[in-house]
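Read off the chains here:
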Amino acid sequence: MLYRGTVRITALIAALTAAVVFIALAALLPRVAAADDYIGAEQCAACHPQEYAWWKNTAHARAGNALGPTEQRDPRCTGCHSTAPGKPHVQCEACHGPGEHYWPAFVMVDVHLARAAGLRSGAERSTCNGCHTADAPGIRPFDFEAALAKMRRHVPPTPSKAPAGAKGAP
Ligand code: HEC
Ligand code: HEC
Ligand code: HEC
Ligand code: HEC
């Protein structure tokens, strides 16, 4: 009885140790983003309403609609017309990286911490080139600089105002 119990406990300890080592290694290894690392544009919208409103009016926010019902489940199409499984269209995280680890407020306010947790500026050539490949359809070939200029400014510029009390200010 006692002997069997000990064997069981030893096996349990071995299994637990293996699990802890596995988790520790998994945390250390650079990982490929998993589907549930993507939180969705609506979560970003809570703190970035202007960026969200801008994005909603871009072709990226409709990219999934270019696909028919079967194509929406075809990995040959969803790789570029969606962000992750269950996340249709080219959402924020397709350019800024999966948000699961950087979206909490205490991380986001510290841009260095946010970068370490996976936030990307979005302006890297590789971000766009992953989808805007030579064989993607389009009347004109993809012009990185011109396309980036369109994507860079999410927030409409505020009209410059003369400081209160300045000469000529109302
Ligand atoms: C809890 C609020 C919050 C959420 C949720 C949030 N952010 Fe942020 N984000 C901030 C704050 C605060 C800053 C820093 C101040 C600023 O630049 O507006 C910031 C900055 C940024 C920046 C600029 C970083 C830089 O280089 O200066 C990007 C890009 C960004 N967020 C993208 C996202 C994306 C994409 C999501 C969703 C996956 C997201 N954020 C979710 C609050 C948030
Ligand atoms: C390598 C990335 C990539 C893959 C894979 C891909 N597409 Fe696209 N697709 C694009 C890009 C980028 C555009 C926009 C090109 C442009 O406007 O310059 C586009 C545009 C389109 C358009 C025109 C959209 C519109 O609103 O005018 C359709 C339709 C389309 N793709 C269907 C598909 C289908 C169906 C598949 C799967 C068989 C697929 N795509 C696979 C990148 C891709
Ligand atoms: C097609 C790629 C792309 C998508 C999609 C995208 N962004 Fe960006 N984002 C960029 C680029 C490029 C910049 C400019 C970075 C720079 O100038 O260094 C940027 C800048 C930002 C900034 C910082 C400055 C600013 O203009 O506000 C924030 C915050 C941000 N994005 C949030 C978001 C959120 C939230 C979404 C989704 C609602 C989103 N982005 C969707 C590419 C993208
Ligand atoms: C996940 C794939 C993906 C990424 C990443 C991506 N795009 Fe796109 N982009 C698309 C698809 C798909 C379309 C076509 C959407 C449609 O029309 O249905 C598109 C459309 C566009 C358009 C609109 C074309 C037009 O009608 O003028 C521009 C501009 C553009 N992308 C620029 C960029 C830039 C710049 C980046 C990098 C900062 C980028 N994209 C990153 C997939 C992507």
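Given the structure is predicted, the values throughout are model-derived calculations rather than measurements.

*Asks:* What should I look at first to understand the overall build of the protein chain in this one?
*Replies:* Along the protein chain, the regular secondary structure elements total 9 helices and 2 strands. Secondary structure elements of the protein chain occur, N-terminal to C-terminal, as α-α-α-α-β-β-α-α-α-α-α. Among the 170 residues that make up the protein chain, the fraction classed as buried is 13%. Taking as baseline every contact in the protein chain between residues at least 6 positions apart, the subset at least 24 positions apart corresponds to 49%.

*Asks:* I'm lost on the site of ligand 3 in this one. Help?
*Replies:* The environment of ligand 3 is formed by 21 residues, the closest being C44, H48, C92, C95 and G122. Taken together, the elements giving at least two residues each to the shell around ligand 3 come down to helix 2 (41-45), helix 3 (49-56), helix 5 (92-96) and helix 9 (144-152). At 4 residues, the largest contribution of residues to the shell around ligand 3 is made by helix 5. Looking at the shell around ligand 3 residue by residue, the classes come out as 12 nonpolar, 6 polar and 3 charged.

*Asks:* Can you help me understand the confidence of the model for the protein chain in this one?
*Replies:* For residues with low pLDDT, the predicted coordinates do not support detailed interpretation. Scored by pLDDT, the protein chain has a mean of 83; 73% of the residues are at 70 or more. Across residues 16-30, confidence stays below pLDDT 50; counting only partners more than four residues off in sequence or on other chains, it has 0 contacts.

*Asks:* Which parts of the structure should I look at to understand the site of ligand 4?
*Replies:* Ligand 4 sits among 20 residues. The nearest are A63, A66, C128, C131 and A147. Those elements giving two or more residues to the shell around ligand 4 turn out to be helix 4 (75-81), helix 5, helix 8 (125-129) and helix 9. When residues of the shell around ligand 4 are assigned to their parent elements, the largest contribution, 4 residues, is made by helix 9. In the shell around ligand 4, the residues fall into 12 nonpolar, 6 polar and 2 charged.

*Asks:* When you look at the nonpolar core in this model, what are you seeing that I'm missing?
*Replies:* The nonpolar side chains of a soluble globular protein tend to be buried with one another. One finds A41, C44, W55, A63, V90, C92, A94 and C95 forming the largest nonpolar core, which totals 8 residues. At the level of elements, helix 2 and helix 5 are the ones that each hand at least two residues to this core.

*Asks:* Explain the environment of R120 to me, please; I cannot follow it from the model alone.
*Replies:* Take R120: it is sitting in the loop between helix 7 (111-116) and helix 8. Looking at R120, the number of C-beta atoms within 10 Å reads 16, which means it is partly exposed. Other than its neighbours up to four places away in sequence, R120 contacts H96, G97 and T127.

*Asks:* Just to check I follow, could you spell out the environment of R152 for this structure?
*Replies:* Structurally, the position occupied by R152 is in helix 9. With 10 C-beta atoms counted inside 10 Å, the residue R152 sits in the exposed group.

*Asks:* Help me out: how do you make sense of unusual backbone geometry in this one?
*Replies:* Glycine aside, a negative phi is what most residues show, and trans is what most peptide bonds show. Positive phi values are uncommon outside glycine, yet H89 reaches one of about 70°. Of note, H89 is situated in the loop between strand 2 (87-88) and helix 5.

Calculation notes
Residues numbered from 1 in each chain as written. Chains lettered and ligands numbered in written order. Predicted model: local features only at pLDDT ≥ 70, side-chain atom pairs only at ≥ 80, totals over all residues. Helix = DSSP H or I, 4+ residues; strand = E, 2+ residues; numbered from the N terminus. Buried ≥ 20, exposed ≤ 12 C-beta atoms within 10 Å, placed from the backbone. Contact = placed C-beta atoms within 7 Å. Near = placed C-beta within 6 Å. Nonpolar A, V, L, I, M, F, W, Y, C, P; charged D, E, K, R; others polar. pLDDT = per-residue confidence, 0-100. Core = buried A, V, L, I, M, F, W, Y, C linked by C-beta atoms within 7 Å.

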